[in-house]
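Spelled out, the chains give:
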Amino acid sequence: MSNRHLFLVPKFITTPSQNGVGRYVCQLQRVVLKFCKNNGGSRGMREFIEHDLINYTKDNPGTVVYLKPRRHRGPVICAEYLNGEKQSIFCNNFSCEEIAKWLNLLLTQSGNHEGTRLRKMWHTENPSVQGPWTPYTFRDPTLNLAKFPNVDLSTPLSCPKTATEHLLELFEKQKNEKFENEKLD
Amino acid sequence: MAALKRVQQWATFARIWHVFDASWQNPFESAELLKKYLMGLHKPIYHPMNDCGDHVIVINSLDIALPGDEWKKRVYFHHTGYPGGATWTLAWDLHKKDPTLRRYTMERLHIFPDLNVPQSLMKNVSNQIRQIRPVPKRLDAYSEKEVKEFPKIIDLPKDYILR
């Protein structure tokens, strides 16, 4: 069994202040695209900047995009969220489409979720319609007034008839039959 | 946590006190029954990582009934650690010495040899656990009239010696 999950922080799905209910605030505030003008590893990034970046910024006016050319260093996307979290993705040799997909992910997620493990794939504030269970739900109301220890509450519920009781019943039946026969005579 | 949710939490994890009458009950079968209450296995919220065990007060532990010849044959071993420090105590002997024995891990099990339970504990009780088997009625519990009127299968001869 792998132990990798031990270092992940277990979390529940959350939304910052009910984002998306009534209004939507994009949680991605700032993106810095770092790339090299010469290096082949940054080729996809350069292509993205050349062809798609203008459309990206026009579609998302709430996000600030910075470009940071730097010599002989790998391409990196640095994202900053509204809650102050930072996330950086090293995208060496990524194609233009791949970078567009990563940027879309950063745009749509609510924060940096790296290093976290979702404890459940769903979350609800009201897990039960009838209310959570307590020891007092479905309780027999007669117990409220009972005095403990109580003999009636202590005896087992299902007791099969013993041989002695069966014999006594037969004897009673026999006695009654005899009595009725005498009456008839 | 909101005030209402906090109260909800207290209500869900409230510890219930049960009382169990051990008279004429097999302790080995009773242990299986009481284990569920002590561990909280009877609750829908049970999880091995949450602490939801209940308290159980066992009364009349002096009158437990071991099956068969267990009183004579069951042996409890103890060694003091010194040479020759081994002792073997029979079940009846140990029961005579202390009828309220339990393991130290079962802190929520309260055993009393008779009906005398401190009022501070008894006032917490809100449920009674049913016994496993009915308590038999002994001959000395019947009145003399009932004994006389009890149907006889045969008439014993006059010179028959009753032991």
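Thresholds, definitions, all that
Residues numbered from 1 in each chain as written. Chains lettered and ligands numbered in written order. Predicted model: local features only at pLDDT ≥ 70, side-chain atom pairs only at ≥ 80, totals over all residues. Heavy atoms only, no water. Domains from an automatic or database assignment. Contact = heavy atoms within 4.5 Å. Buried area = accessible area lost by both parts, 1.4 Å probe. Salt bridge = Lys/Arg side-chain N within 4 Å of Asp/Glu carboxyl O. Helix = DSSP H or I, 4+ residues; strand = E, 2+ residues; numbered from the N terminus. Buried < 20%, exposed > 50% of the residue type's maximum accessible area, 1.4 Å probe, protein only. Pairing = 2+ DSSP bridges. Axes fitted to C-alpha atoms, helices over the stretch in contact; angles between N-to-C directions. Phe/Tyr/Trp six-rings, centres within 6.5 Å; stacked < 30°, edge-to-face > 60°. Lys NZ or Arg CZ within 6 Å of the ring centre and 35° of its normal. Parallel < 35°, antiparallel > 145°, perpendicular 65-115°, else oblique. Nonpolar A, V, L, I, M, F, W, Y, C, P; charged D, E, K, R; others polar. Polar contact = N/O pair within 3.5 Å; in protein donor to acceptor, adjacent residues only side chain to side chain.

J.: Residues and numbers for the domain arrangement of chain B, please.
T.: Residue and element names in this part refer to chain B. Partitioning chain B into domains gives domain 1 (12-64 + 99-163) and domain 2 (67-96). Spacing between the C-alpha centres of domain 1 and domain 2 amounts to 24 Å. The partner domain 2 presents six residues to the seven residues of domain 1 that form the contact. With both chains or domains summed, domain 1 and domain 2 bury close to 530 Å², and 69% of this area falls on carbon and sulfur atoms. Its largest share of buried area at the contact with domain 2, domain 1 owes to Phe 28, Ile 64 and Pro 99, together 66% of the area lost on that side.

J.: Account for the pattern of salt bridges, with residues named and values stated.
T.: Residue and element names in this part refer to chain B. The tally for this structure, following the rule as stated, stands at 11 salt bridges over all chains. Between Glu 29 and Arg 133 there is a salt bridge, with its nearest N and O atoms 3.4 Å apart. Of this pair, Glu 29 sits in helix H2 (residues 27-39) while Arg 133 sits in the loop between strand E6 (125-129) and helix H6 (144-149); the two residues are 104 residues apart in sequence, bridging distant segments of the chain. A salt bridge links Asp 54 to Lys 43, with the shortest nitrogen-to-oxygen separation between them at 3.0 Å. With Asp 54 in the loop between H2 and strand E2 (55-59) and Lys 43 in the loop between H2 and E2, this residue pair connects regions lying 11 residues apart in the sequence. Note on Asp 54: relative accessible area 0%, which makes it buried. By relative accessible area, Lys 43 is classed as buried at 5%. Through salt bridges with shared partners, a single network forms among Arg 15, Asp 51 and Arg 108.

J.: Please provide a residue-by-residue account of the sheet that holds strand E5 (residues 86-90) of chain A, values included.
T.: All names here are of chain A. With respect to topology, four strands assemble into an open sheet ordered E3-E2-E4-E5, the strand pairing being mixed. The two strands at the open ends of the sheet, each matched to only one other strand, are strand E3 (64-69) and E5. For this sheet the average axis-to-axis angle between neighbouring strands, irrespective of direction, equals 15°. On the sheet, helix H1 (residues 43-51) packs against strand E2 (28-35), E3 and strand E4 (76-81) and is oriented at approximately 125° with respect to E2. The sheet contacts of helix H3 (residues 96-108) involve E2, E4 and E5, and relative to E4 the element is tilted by about 10°.

J.: Let's hear about the packing of aromatic side chains: which residues, and what values?
T.: All names here are of chain B. Enumeration over the complete set of coordinates arrives at two aromatic pairs over all chains. Plain terms: the ring middles of Phe 77 and Trp 88 are 5.3 Å apart, the flat faces sit at 50° to each other, and that makes the pair tilted. You can see Phe 77 sitting in strand E3 (residues 75-79) and its partner Trp 88 sitting in strand E4 (residues 86-90), a full 11 residues away along the chain. The aromatic ring of Tyr 142 is capped on one face by Lys 137, whose charged end is 4.4 Å from the ring centroid.

J.: Any details on the sheet that holds E2 of chain B? Residues and values, ideally.
T.: Residue and element names in this part refer to chain B. Strand order in this open sheet of four strands is E5-E2-E1-E6, and the pairing throughout is parallel. Of all strands in the sheet, those bounded by a partner on one side alone are strand E5 (109-111) and E6. Direction aside, the axes of adjacent strands within the sheet are offset by 25° on average. Relative to E2, strand E1 (residues 17-21) runs parallel, the two being bridged by five bridges. What sits directly across from Trp 17, in E2, is His 55.

J.: Explain the packing of H1 of chain A against H3 of chain A to me, using residue names and the numbers behind them.
T.: Residues and elements named next belong to chain A. Packing of H1 against H3 leaves a shortest axis separation of 8 Å and a crossing angle of 70°. By the angle between their axes, H1 is roughly perpendicular relative to H3. Counted together, Gly 44, Met 45, Glu 47 and Phe 48 of H1 and Cys 96, Ile 99, Ala 100 and Leu 103 of H3 form the full contact between these two elements. For the contact of H1 with H3, the residue count by class is six nonpolar, one polar and one charged.

J.: Account for the environment of Glu 29 of chain B, naming residues and giving values.
T.: Residue and element names in this part refer to chain B. What makes Glu 29 partly exposed here is its relative accessible area of 34%. On a C-alpha basis, the gap between Glu 29 and Ile 132 in space is 7.8 Å, while along the polypeptide they are 103 residues apart. Of the polar contacts made by the side chain of Glu 29, one reaches the side chain of Arg 133; its length is 3.4 Å.

J.: I'd love a proper account of unusual backbone geometry, names of residues and values included.
T.: Across the junction of Phe 148 of chain A and Pro 149 of chain A, the peptide omega takes the value -5°, indicating a cis bond. Note that Pro 149 of chain A resides in the loop between strand E6 (116-118) and helix H4 (151-154). Backbone geometry at Trp 24 of chain B places phi at a positive 65°, although glycine is not the residue there. The topology assignment puts Trp 24 of chain B in the loop between E1 and H2. Taking relative accessible area as the criterion, Trp 24 of chain B reaches 34% and is therefore assigned partly exposed. The phi torsion at Asn 60 of chain B lies on the positive side, around 55°, for a residue other than glycine.

J.: Can you break down the interface of chain A and chain B residue by residue, with the values?
T.: Counting residues at the interface gives 21 residues for chain A and 26 residues for chain B. Carbon and sulfur atoms make up 67% of the area that chain A and chain B hide from each other, which totals about 1,900 Å². A per-residue breakdown of the area chain A buries against chain B is headed by Trp 133, Phe 148 and Ser 154 of chain A, which together make up 31% of the total. Counting the contacts that link chain A with chain B gives one salt bridge. For the salt bridge of Glu 125 of chain A with Lys 5 of chain B, the shortest nitrogen-to-oxygen distance reads 3.5 Å. Across the contact surface, chain A and chain B share seven residue pairs in polar contact (both at pLDDT 80 or more). Within the residue set of the side of chain A that touches chain B, elements represented by two or more residues are H4 and helix H5 (163-184) of chain A. Tallied by class, the residues present in the side of chain A that touches chain B amount to 13 nonpolar, five polar and three charged.

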